[in-house]
Structure formats: C-alpha cells, structure tokens
Amino acid sequence: MVLFLLASIPLTYFFILGFSGQSDQPRQHTLLAVVRGSLWAVPAIGILAILRFLIGGGFSTGRLYLMYGVGEVLAPFVVAGIGIALLERQSLNTDLSAALTGLTSFLSGYLSVLSFFEIARYLQHFDSAVLFVLPLVRTAFLVACPLLFLIALREQYGTRYLALAIGIGALALLSWIPTFYYLSFQIPALFSALVVAVSAGLILLYLGKQNLPSRR
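On a predicted model such as this, the values are computed, not experimentally measured, just so you know.

For the rest of this paragraph, the subject is the overall build of the protein chain. For the protein chain, the count of helices and strands is eight helices and zero strands. For the protein chain, the C-alpha radius of gyration of 17 Å lies close to 17 Å, the compact-globule estimate for 216 residues. C-alpha extents for the protein chain along the principal axes are approximately 50 × 35 × 30 Å. When each of the 216 residues of the protein chain is scored for burial, the buried share is 49%. Within the protein chain, contacts between residues separated by at least 24 positions form 79% of all contacts whose residues are at least 6 apart in sequence. Measuring between centres, the 12 positive side-chain charges of the protein chain sit 4 Å from its 7 negative side-chain charges.

A positive phi angle is found at Ser184, which is not glycine, with a value near 75°. Along the chain, the position of Ser184 falls in the loop between helix 7 (157-182) and helix 8 (186-211). The exposure class assigned to Ser184 is exposed, which follows from its relative accessible area of 55%.

At a closest axis distance of 7 Å, the pairing of helix 2 (residues 31-55) and helix 5 (residues 96-121) adopts a crossing angle of 45°. One element, helix 2, and the other, helix 5, form an angle in the oblique class. Two packed elements cross with a definite hand, and for helix 2 against helix 5 that hand is right-handed. Between helix 2, through Ala33, Val34, Arg36, Gly37, Ser38, Trp40, Ala41, Ala44, Ile45, Leu48 and Arg52, and helix 5, the contact on the second element is made entirely by Gly102, Ser105, Phe106, Gly109, Tyr110, Val113, Leu114, Phe117 and Arg121. Of the residues in the contact of helix 2 with helix 5, the class split is twelve nonpolar, five polar and three charged.

Moving on, we get to the packing of aromatic side chains. For the structure shown, the criterion picks out seven aromatic pairs. Both rings, one in Phe77 and one in Phe141, keep their centres 3.8 Å apart while their planes meet at 5°; by these two values the pair is stacked. One end of the pair, Phe77, is in helix 3 (residues 61-87); the other, Phe141, is in helix 6 (residues 128-154), and 64 residues separate them in sequence. Considered together, Phe77 and Phe141 belong to a single accessibility category, that of buried residues. These aromatic residues form a ring-pair network of at least three members: Tyr65, Trp176 and Phe180.

Within the largest apolar cluster, 52 residues are counted, with the highest numbers of intra-cluster contacts made by Tyr110, Leu174 and Ile177. Of all the secondary-structure elements, those providing two or more residues to this core are helix 1 (3-20), helix 2, helix 3, helix 5, helix 6, helix 7 and helix 8. When residues in this core are grouped by element, the largest group, 16 residues, is from helix 6. Beyond its immediate sequence surroundings of up to four residues, Tyr110 is in contact with Gly37, Ser38, Trp40, Ala41, Ala44, Leu48, Pro76, Val79 and Ala80.

This next bit is on the confidence of the model for the protein chain. Of all residues in the protein chain, 95% have pLDDT values of 70 or greater, and the mean over the chain is 89. Averaged pLDDT values over the elements of the protein chain bottom out at 83 in helix 4 (residues 89-92) and peak at 95 in helix 2.

What follows deals with helix 2. With 25 residues, helix 2 ought to run about 36 Å at 1.5 Å a step, and its terminal C-alpha atoms sit 35 Å apart, in line with that. Taken as a whole, helix 2 carries its principal kink of about 35° at Pro43. All buried positions along helix 2 are accounted for by Ala33, Arg36, Gly37, Trp40, Ala41, Ala44, Ile45, Leu48, Arg52 and Ile55. Looking at the buried positions of helix 2, the neighbouring elements they touch are helix 3, helix 4 and helix 5.

Conventions adopted
Residues numbered from 1 in each chain as written. Predicted model: local features only at pLDDT ≥ 70, side-chain atom pairs only at ≥ 80, totals over all residues. Heavy atoms only, no water. Helix = DSSP H or I, 4+ residues; strand = E, 2+ residues; numbered from the N terminus. Rg over C-alpha atoms; globule rule 2.2 N^0.38 Å. Buried < 20%, exposed > 50% of the residue type's maximum accessible area, 1.4 Å probe, protein only. Contact = heavy atoms within 4.5 Å. Lys, Arg positive; Asp, Glu negative; His and termini not counted. Charge placed at Lys NZ, Arg CZ, Asp CG, Glu CD. Axes fitted to C-alpha atoms, helices over the stretch in contact; angles between N-to-C directions. Parallel < 35°, antiparallel > 145°, perpendicular 65-115°, else oblique. Left-handed = near helix turned anticlockwise from the far one by under 90°. Nonpolar A, V, L, I, M, F, W, Y, C, P; charged D, E, K, R; others polar. Phe/Tyr/Trp six-rings, centres within 6.5 Å; stacked < 30°, edge-to-face > 60°. Core = buried A, V, L, I, M, F, W, Y, C linked by side-chain atoms within 4.5 Å. pLDDT = per-residue confidence, 0-100. Expected span 1.5 Å × (residues − 1). Bend = angle between axes of the 7 residues up to and from the residue.

Rendered as structure tokens:
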C-alpha cells in the first residue's frame, strides 16, 4: 500500500526528464541537485515538525486547513523554496532547460525524503490521504510549478502574470484538497487530487511545447 507513496515522486521525476529531453544534462543539474534536495529535507523535517506542533490539533474547518492545507502542503513547499534560494540559485541563472532540470531534481530529492519520512510518521495509521492524496498533490506540484515559476521569473508582461496567476491558483487548490478529505469528503478529495495531477501534466505539455527548445 505504501508503494505509490514511495514511487510517485521518483517516477514523476524520470517522466519530466524524459519529456523535457534533459536526461543528459550535467550531474550538477541532475544527480547532485537530487542529493542537495535530499540533504535539505533533513533540516526541513525538523522545521516542519516544529510548525506542526505550533499549529496543534482541532476539528473546525479553519483548524483542519491549518493542520493539512498549511502544515502538510503549503509549509513543505515554502521550505522547499527556501532551500532553492539557498542551494540552487546558481541553477536558476542557467538557460531554461537546465534551470528546469536543476529545480525539478532538487525538488524530487526533497519530496522523496519527505515521502520516506511519512512512513515512519504514519506507521500506525495509514489512510488514503497519506497513501494517495498527499502524493498526488506533491506530484502535481513537482510537475507544473517549477516551469511556471521559471516562466514567471524570466518572462515579461502578460506571460509572467498568467504564470503567476496559474501558480498561485494551483497552490491554493492543492492546499484545500487534503483538508476536504479530513472534512469527510474522501471520494471528492481523491478525485480532485487525481484531476490536478493530470492537469499539471497537461500544463507541462503545453508550456513545455511553447518554451522548451527540445519540445518544439
């Protein structure tokens, strides 16, 4: 049952590398970036544990959103962003293809270690949110957000604002999906997680075709 939790991020990573035609990038942007992301996950786990302790528990809609929308989705993504700013700034200054590979590699290492940590954290209580909803949410983030971020960072005017709008809207949606699950909307949450993962793939296909030279 934990196979999807463990395998979803690595499989998605290899899909993105194959799609973007960047599997032959230097190790600086692939293997070493994965290692940097994995190492960053170690202090990140401590930071996230402290944040979840401060959030506490509860069963109101707002409290559940803080616990799952913020604690399980937005906070890990924000901590990942801090890691990118600290460890991957050099990759961001390369061409778009190399930057996408470096960013995706870093996030893949980071999210993969978080997935392993989930096994220890939920060892006594696995549910569909842990096994499927959260992995799908993180997969959707890994697929679409790096390219959206890079386009927003490099493009100008309408293209930048469109990428920002899509990215912010996607993060807001992703943060609510696990919250819906724990509000007793389990089936809609599972379906929504699957839809956003597929939609992220379509975003990557479209934007990749428009912006990556190897996909034109």
